[in-house]
Amino acid sequence: MNFKSLFILGLAAGALASCKNTPAPQAIMPIPTPEQIEWQKMETYAFVHFGLNTFNDLEWGFGDTPAATFDPTDLDCEQWVKTIKGAGLKGVILTAKHHDGFCLWPTATTEYSVKASPWKNGQGDMVKELSEACKKHGLKFGIYLSPWDRNNAEYGRPDYVDTFHAQMTELLTNYGPIFEYWFDGANGGNGFYGGTNEHRNIDAKTYYQYEKAREVIKQLHPSAMIFGGTCADIRWIGNESGWAGETNWSPMSEDKMQHHSELQWGMEDGHEWLPGEVDVSVRPGWFYHEREDHQVRSLANLVDLYYNSVGRNANLLLNFPVALSGKIHPTDSARVAEWYATISEELDENLLANAKASASATRGDDSKFGAAKANDTSWDTYWATNDGETTGSLTFTFAKPTPVNRLLIQEYIPLGQRVKAFNIECESNGLWHPVQTTDTMSTVGYKRIIRFKSIAAEKIRINFTDAKGPLCINNVEAFLAPALVTEPSINRNAANEVIIKAGDSESEVYFTTDGSTPTVNSEKYTAPFTFAQKGEIKAIAYDRNFDKTSPVSVRKLDIPTSQFKVTSTKDEGVKYMFDGNGYTTYYLPEGKKEIVVDLGGTCDVDGFRYTPNQGRDAGGHIANYEFYVDNKKVASGEFSNIKHNPIEQQISFAPTQGKTVKMVITHIVDNQKRAGIGEFSVTTK
Ligand code: FUL
C-alpha cells in the first residue's frame, strides 16, 4: 500500500469515525419506558365484557341480581380467542368483576361469584378458562377489576379496600402473565351494598390505595401496564366513542387538567409519558343486549376507529360484548374479521419500500441518520436533523408515477415526542400539490396515518414545519387503499322526510320500505322521500365500477314524532327533540324536571327512546327517570353508564294505552342543573 492510499484510507477511517461518533439527538423529556414502548407496539387488543349484566340485560348491575342468573349454556373462551386473534388483535382484557361486584373466578373474598351460579355447578372459573385459552393461542391476557363494588356491604369503608386488594392478589397470582391491568374510573354512587340500598361516596384518589396496588402489580408482572387509578402507565382517551385527538401528545400532566376532554389531546408540555388508549365497544353497549344485534358497528365505522386511534398515536382497545350463550355473536365475529381484512388490504403494500429517500438536511453524514433510515426496515434507525433544526423535509422519489392515498409516519419515541406540525405534498406531472385531506397534520408520535385523495405521484414530500427539537423519524410508509363501499346512513327529519346517505359520493343507493332486503333492482334513492308511518327502511350502497355492494343498513322508525306536541312548555326549542339529529338538543330550564308529550292520538305505548346530546363534551344527560303513560307510572330506573357512553337509550315496558306520555327527570349526570334531550320518541306495539 503506497502513501497516497494510506492517506485516503486514513481520511475514510476518520470520516467513518466522525459519523459513527455523531451523537444521537438528546432525549426530550418525558420519554417512555421500554415497557411502554412494547405496549404501544401492540397497537390493537380486545376487551371482553361478560358477567351477570349479560344475563340481566344491564350495563351497570345494581349489585343485587341473583348470582344464580349467571348461566352461560355454551361458554367457549377458545371461540373468543380465535375470533380476537383472527381480527389481528394481540391480547384480551376480561372484566373479572364489573361494578355489580360479581366475580368471574371462585374468589375466597365473597360469595357473589361463579361459585354461586349454576354454571358448571359452581365449579367453573372463567378467568382461568380465558387465560388458558390465551396461552394456548398466543394472545396476551389482561385484567379489569372494577374498584366500585355495588354488592359489597363494606363498600365505602376500610374493609372493602382490603377485599379489593385481596381480589387483586388472587387475580395477579393465579392467572398470569398479565400485560395490562385496568382500573375503571366509574366510582361510588348508589348500590345494593349488602342490602342497604344506599348512596355511598368515596374519594377515589385516596380510598383504593392505588400506590399499594401498583407495587403488587409491578412486583408480580413488571411489564404490565396500569390503566386508571392514581399511578397509571397509560391514560384514558377521554371518551368511549373511539377516537383520539388529531393532535395527540403522549406527554401529559393530569394534575394540570381542567377538563377530562384534555385527555384526548395530551399535553405538549406534559411532564409524564402517559400514552392514550382508546376503549370502545363494537356495539353501542359494553355488555351484550339482544336489541343491539342490528347495531354492531359498520365496517366503515370500524375502519374509521382504526385510523382515529392507532392512526393518531393511541392504542385501540376494542370491546366484545359476549352473548348469553357464552360466545361472541356471529355478527360481531364476522364484522371484525372483515375489518381486519380491510385494514390489512388498505395498508398492505408499502409503496415506499423501494423509493429513494432524500432530506433537506441530515445530522452528520447520511450513514447514521440519513433519510434512507426512514424507509429501511428497521424500527430502531431514524432520520435525524441537527441540534437547533426543528424543521425539515423528507422526500421519496418513486421509480415511476405511483397512485397513493395513505401516508404513515413514525417518530422514534425512545427519544420523546417532538413533531408539532407537518404537511404532505405530492409531485404529479412535475408540479407539487398539497394532498387533499380533511386530516389535521399536527402531532405524529409513535404512529400517525394520514388519509387523502388518491394522487398519482412521482414524488412524495413531508415538510415538518415545527417540532420541540431536532426531528427523529424512524419510519415512513405509503399505500394505495382500495375504495370502501359502506352501508348508507338512514335518518328521518322533523318533516317526516327520510334522508339516506352513502359513505362515499360515487356510490348509488337502493332502498326498501317493506322490510325486504334491498338489491340493485330495488328503488333507487335520488332525493329525500316522505315516510310518515311506523316501519323499517333498509338501504344499500352500490359501486357500479367495481360491482361492489355494501352491507344492508336498517332503520326502524316508529310513529312519526311530527304529530307530537309538547304540552308542558311553550318553548320553541322542544323541536330539537324530534328533528332526527341527536346533536341539536332541547335543554329544560333550570329546576324543570318533566316533559309531557301529547302523542296526537291513542297509542299502545310499549317503550321510549331517549338520546342525550351527541355533541362532544355535551352535558345535561339524564341519569335517572320515571315514565308515565296518561299519568300512570310504567317505568323508572337509570340510564346506566350514560355519562361515559351517551348513546341512545331504549326502555321497554308492558304495552299501555294512552294519549300522553310524561318523562320525569329524577337525576342528571353530575347533578347538572339543566337536563338535555337530543332526541325523544316512543315505541308502540
Ligand atoms: C366504564 C364502565 O362504567 C363501563 O361499564 C365499561 O366497563 C367501560 C369500559 O368503562 O367506565
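Calculation notes
Residues numbered from 1 in each chain as written. Predicted model: local features only at pLDDT ≥ 70, side-chain atom pairs only at ≥ 80, totals over all residues. Heavy atoms only, no water. Helix = DSSP H or I, 4+ residues; strand = E, 2+ residues; numbered from the N terminus. Buried < 20%, exposed > 50% of the residue type's maximum accessible area, 1.4 Å probe, protein only. Contact = heavy atoms within 4.5 Å. Areas by Shrake-Rupley, 256 points an atom, 1.4 Å probe, with all protein chains shown as cover. Lys, Arg positive; Asp, Glu negative; His and termini not counted. Charge placed at Lys NZ, Arg CZ, Asp CG, Glu CD. Pairing = 2+ DSSP bridges. Near = heavy atom within 4 Å. Polar contact = N/O pair within 3.5 Å; in protein donor to acceptor, adjacent residues only side chain to side chain. Nonpolar A, V, L, I, M, F, W, Y, C, P; charged D, E, K, R; others polar. Expected span 1.5 Å × (residues − 1). Domains from an automatic or database assignment. Core = buried A, V, L, I, M, F, W, Y, C linked by side-chain atoms within 4.5 Å. Axes fitted to C-alpha atoms, helices over the stretch in contact; angles between N-to-C directions. Parallel < 35°, antiparallel > 145°, perpendicular 65-115°, else oblique. Left-handed = near helix turned anticlockwise from the far one by under 90°. Phe/Tyr/Trp six-rings, centres within 6.5 Å; stacked < 30°, edge-to-face > 60°. Lys NZ or Arg CZ within 6 Å of the ring centre and 35° of its normal. pLDDT = per-residue confidence, 0-100.

Undergrad: Go over the overall build of the chain with me, naming the residues and quoting the values.
TA: Of regular secondary structure, the chain possesses 11 helices and 35 strands. Oriented by its inertia axes, the alpha-carbon framework of the chain measures out at about 105 × 65 × 50 Å. The proportion of buried residues among the 685 residues of the chain is 56%. When contacts within the chain are restricted to residue pairs at least 6 apart in sequence, long-range pairs at least 24 apart make up 73% of them. Total accessible area computed for the chain in this model is approximately 28500 Å², and 49% of it derives from carbon and sulfur atoms. Computed over 67 positive and 86 negative side-chain charges, the separation of the two mean positions in the chain equals 2 Å.

Undergrad: Can you lay out the sheet that holds strand 1 (residues 44-49) for me, pointing to particular residues and giving the numbers?
TA: In space, the eight strands of this open sheet follow the order 7-4-3-2-1-12-11-8, with parallel pairing throughout. Each edge of the sheet is formed by a strand with only one pairing partner; in this case those strands are strand 7 (225-227) and strand 8 (235-236). In the sheet, strand 4 (residues 180-182) pairs with strand 7 via three bridges, with the strands oriented parallel. Paired with W182 across the bridge in strand 7 is F227.

Undergrad: Requested: an account of the site of the ligand, with residues and values cited.
TA: Close to the ligand lie 14 residues; H49, W60, H98, H99 and D184 are nearest. At 2.9 Å from an oxygen atom of the ligand is found a side-chain nitrogen or oxygen belonging to W60. Within the side chain of H98, one N or O atom sits 2.9 Å away from an oxygen atom of the ligand. Burial of the ligand by the protein chains amounts to 98% of its free accessible area of 290 Å². Residues of the shell around the ligand, tallied by class, amount to six nonpolar, five polar and three charged.

Undergrad: Provide a residue-level description of the sheet that holds strand 21 (residues 497-501), including the pertinent values.
TA: By definition, the strands of a sheet pair up through backbone hydrogen bonds, in either a parallel or an antiparallel sense. Pairing within the open sheet is antiparallel, and its three strands lie in the order 20-21-24. Pairing within the sheet leaves two strands with one partner each, and these edge strands are strand 20 (489-492) and strand 24 (529-530).

Undergrad: Describe in detail helix 10 (residues 330-346), supporting the description with residues and values.
TA: Helix length check: helix 10, at 17 residues, gives a terminal C-alpha distance of 24 Å against a target of 24 Å (1.5 Å per residue), a fit within 8%. Residues of helix 10 that are buried: D332, S333, R335, V336, W339, T342, I343 and E346. Residues of helix 10 that are buried sit in contact with helix 4 (77-86), helix 9 (299-309), strand 12 (314-321), strand 15 (392-411) and strand 19 (472-479).

Undergrad: Account for the domain arrangement of the chain, with residues named and values stated.
TA: By the assigned domains, the chain splits into domain 1 (45-343), domain 2 (356-479), domain 3 (489-557) and domain 4 (563-684). A C-alpha centroid distance of 41 Å is found between domain 2 and domain 3.

Undergrad: Quick one: what's the story with the side chain of E425, residue by residue and with numbers?
TA: With respect to the secondary-structure elements, E425 resides in strand 16 (residues 419-428). According to the relative accessible area criterion, E425 is buried, its value standing at 16%. At 2.8 Å, the side chain of E425 and the side chain of N463 are in polar contact. Every residue in contact with E425, bar those within four places of it in the chain, is listed here: W432, H433, P434, V435, K459, I460, R461 and N463.

Undergrad: How would you explain the nonpolar core if you had to name every residue and give the values?
TA: For soluble globular proteins, the rule of thumb is that nonpolar side chains tend to be buried together. Judged by nonpolar contacts, the single largest core of 81 residues is most densely connected at F70, W80, I84, V127 and W339. Shared between two domains, this core takes at least three residues from each, and those domains are domain 1 (45-343) and domain 2 (356-479). When residues no more than four places from it in sequence are discounted, the contact partners of F70 are F50, G51, L52, F55, F102, L104, V114, S117, P118, W119 and M126. Ranked by size, the runner-up nonpolar core spans 35 residues in total, among them L599, V629, V661 and I677.

Undergrad: Summarise the packing of helix 9 against helix 10; cite the residues concerned and give the values.
TA: Look at helix 9 against helix 10: their axes get within 9 Å of each other, and the N-to-C directions meet at 55 degrees. By the angle between their directions, the pair helix 9 and helix 10 is classed as oblique. As for the relative orientation of helix 9 and helix 10, their crossing is right-handed in sense. Together, L299, L302, V303, Y306 and Y307 of helix 9 and R335, E338, W339, T342, I343 and E346 of helix 10 make up the contact between the two elements. Class assignment for the residues of the contact of helix 9 with helix 10 results in seven nonpolar, one polar and three charged.

Undergrad: So what's going on with the packing of aromatic side chains? Which residues, and what values?
TA: In total, this model carries 45 aromatic pairs according to the counting rule given. With centroids separated by 5.7 Å and ring planes inclined at 90 degrees, the aromatic side chains of F102 and Y112 adopt a geometry described as edge-to-face. Note that F102 is positioned in the loop between strand 2 (91-97) and helix 5 (126-137) and Y112 in the loop between strand 2 and helix 5, a separation of 10 residues in sequence. Of the residues examined, F102 reaches a relative accessible area of 2% and is grouped as buried. Through a chain of ring-to-ring contacts, three or more aromatic side chains come together here, namely Y155, Y160, F164, Y181, F183, Y193, Y207, Y208 and Y210. One Lys or Arg, K41, reaches over the ring of W379 and ends 3.9 Å from the middle of that ring. Note that K662 overlies the ring of Y628, its terminal NZ or CZ placed 4.7 Å from the centroid.

Undergrad: Kindly report on the pairing of strand 21, identifying the contributing residues and their values.
TA: On strand 21, burial follows the alternation: V498 and I500 on one face are buried, whereas E497, I499 and K501 on the facing-out side are not. Linking strand 20 to strand 21, which pair antiparallel, is a turn of four residues; within it N496 sits at a positive phi near 65 degrees. Direction of pairing for strand 21 relative to strand 24: antiparallel, over a ladder of two bridges. Bridge pairing links V498 to F529 in strand 24.

Undergrad: Requested: an account of the confidence of the model for the chain, with residues and values cited.
TA: Model confidence for the chain is summarised by a mean pLDDT of 94, while 96% of its residues fall at 70 or above. Below a pLDDT of 50 lies the segment residues 1-18, which in the model reaches two contacts outside its immediate sequence neighbourhood of four places, other chains included.

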